[in-house]
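# Remarks on the overall topology
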Amino acid sequence: MPVLQLEDVDVSYGKTQALRNVSLEVEEGEIVGVIGPNGAGKTTMLDSIAGYKEYSGSITYDGTEVSETSSGKLVNDGLVYCTEDRDLFPYFTVHENLQMGAQFRSDDGAVQESFDFVYDLFPRLDERRDQEAQTMSGGEQQMLALGRALMSDPDVLMLDEPTLGLAPVIIDDISEALERLQDEGLTILLVEQNSTFALRHAERLYLLEQGSIELSGTADELRDDD
Ligand code: ADP
Ligand code: ADP
């Protein structure tokens, strides 16, 4: 059974239909990409999966319909969302921001393991543990947002445009981190306008345009389709 499954999902904002008939599956351990232009409905899709939006159709995480549970419960059950606006605490340090990601975990030893894991994954964060988030570059803030998501020890990570507006060297660092997370067996739903980045990391991808899935396939199939 797929860990995440959308079937015939529709979402509207008043008269604007942002998603129509969207069906998509993510199996455990996969990196699945969703690519599409600005306004295609990508964020709306992630918001719906995270339990922030009303929808019709079905969205299940681990077999549970997300509208029948709460956003907090989904996070506790391992479904973690790294939003596009990052939602950092600007006056908190790197370390304090990371700590916030672990606030609902009770096993201090396991939390320490996650700190070690995140600081090893992002040496730039390690070097800036006591620096306020607001003083960091956009790329470092993106790493911090990712690190904070990892602090809740997710099973499934949803990433909304993690490379948006970032310099190529920083995108390389994020690429390397994603490869390590993939090796660790993390399941990732990667939403990107940057199709080059998504094609590099995702085994399977969906193309979303004007709220509809227009195409899906493996990275090789979609590359050839270009
Ligand atoms: P993407 O993430 O692919 O850029 P979005 O999910 O943000 O796309 O937007 C999909 C569509 O829904 C767009 O037409 C957008 O204008 C519309 N939309 C998004 N958020 C709102 C909102 N809060 N109110 C009304 N329309 C919205
Ligand atoms: P699990 O049983 O969940 O695999 P373990 O404690 O056996 O946890 O493994 C921890 C290893 O998992 C770490 O050494 C690290 O390489 C990796 N890891 C991957 N993601 C995380 C994370 N978010 N927090 C801590 N460790 C992680």
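To keep things clear, this report deals only with the structure shown in the data block. (Residues numbered from 1 in each chain as written. Chains lettered and ligands numbered in written order. Predicted model: local features only at pLDDT ≥ 70, side-chain atom pairs only at ≥ 80, totals over all residues. Heavy atoms only, no water.)

Here the focus is unusual backbone geometry. Comment: phi is negative for the bulk of residues other than glycine, and the bulk of peptide bonds are trans. The phi dihedral of D8 is positive, around 50°, even though this residue is not glycine. Summarising the element assignment, D8 is placed in strand β1 (residues 4-13). Note on D8: relative accessible area 45%, which makes it partly exposed. Unlike most non-glycine residues, N21 shows phi in positive territory, near 55°. (Helix = DSSP H or I, 4+ residues; strand = E, 2+ residues; numbered from the N terminus. Buried < 20%, exposed > 50% of the residue type's maximum accessible area, 1.4 Å probe, protein only.)

Turning to the nonpolar core, a few remarks are in order. Counting residues in each nonpolar core, the largest one holds 44 residues, and the members touching the most others are L125, L157 and I188. Residues within four places of I188 in sequence aside, it is in contact with E30, I31, V32, L157, L159, L178 and L181. Ranked by size, the runner-up nonpolar core spans 29 residues in total, among them V3, L4, Y61 and L189. (Core = buried A, V, L, I, M, F, W, Y, C linked by side-chain atoms within 4.5 Å. Contact = heavy atoms within 4.5 Å.)

What surrounds ligand 1 is the set Y13, A18, P37, N38, G39, A40, G41, K42, T43 and T44. At 3.2 Å, a side-chain N or O of N38 approaches an oxygen atom of ligand 1. Measuring from an oxygen atom of ligand 1, one finds a backbone N or O atom of A40 at 3.1 Å. The fraction of the free accessible surface of ligand 1 (560 Å²) that becomes covered by protein chains is 59%. Tallying contributions element by element places helix α1 (residues 42-49) first for the shell around ligand 1, with 3 residues. Within the shell around ligand 1, the residues separate by chemical class into 4 nonpolar, 5 polar and 1 charged. (Near = heavy atom within 4 Å. Polar contact = N/O pair within 3.5 Å; in protein donor to acceptor, adjacent residues only side chain to side chain. Areas by Shrake-Rupley, 256 points an atom, 1.4 Å probe, with all protein chains shown as cover. Nonpolar A, V, L, I, M, F, W, Y, C, P; charged D, E, K, R; others polar.)

Under the definition given, this model contains 3 aromatic pairs. Here the aromatic rings of Y52 and Y81 are separated by 6.1 Å at their centres, their planes lie at 35°, and the arrangement is tilted. Separated by 29 residues along the polypeptide, Y52 in the loop between α1 and β4 (56-61) and Y81 in strand β6 (residues 79-82) bring together distant segments of the chain. Looking at Y81, the relative accessible area reads 14%, which means it is buried. For the pair F115 and Y119, a centre-to-centre distance of 6.1 Å together with 15° between the ring planes defines the contact as stacked. In this pair, F115 and Y119 are both assigned in helix α4 (residues 108-121), 4 residues apart and thus about one turn of the helix distant. For the pair F115 and Y119, one class covers both residues: buried. Of note, R129 hangs over the ring of Y119, and the distance from its end group to the ring centre comes to 3.9 Å. (Phe/Tyr/Trp six-rings, centres within 6.5 Å; stacked < 30°, edge-to-face > 60°. Lys NZ or Arg CZ within 6 Å of the ring centre and 35° of its normal.)

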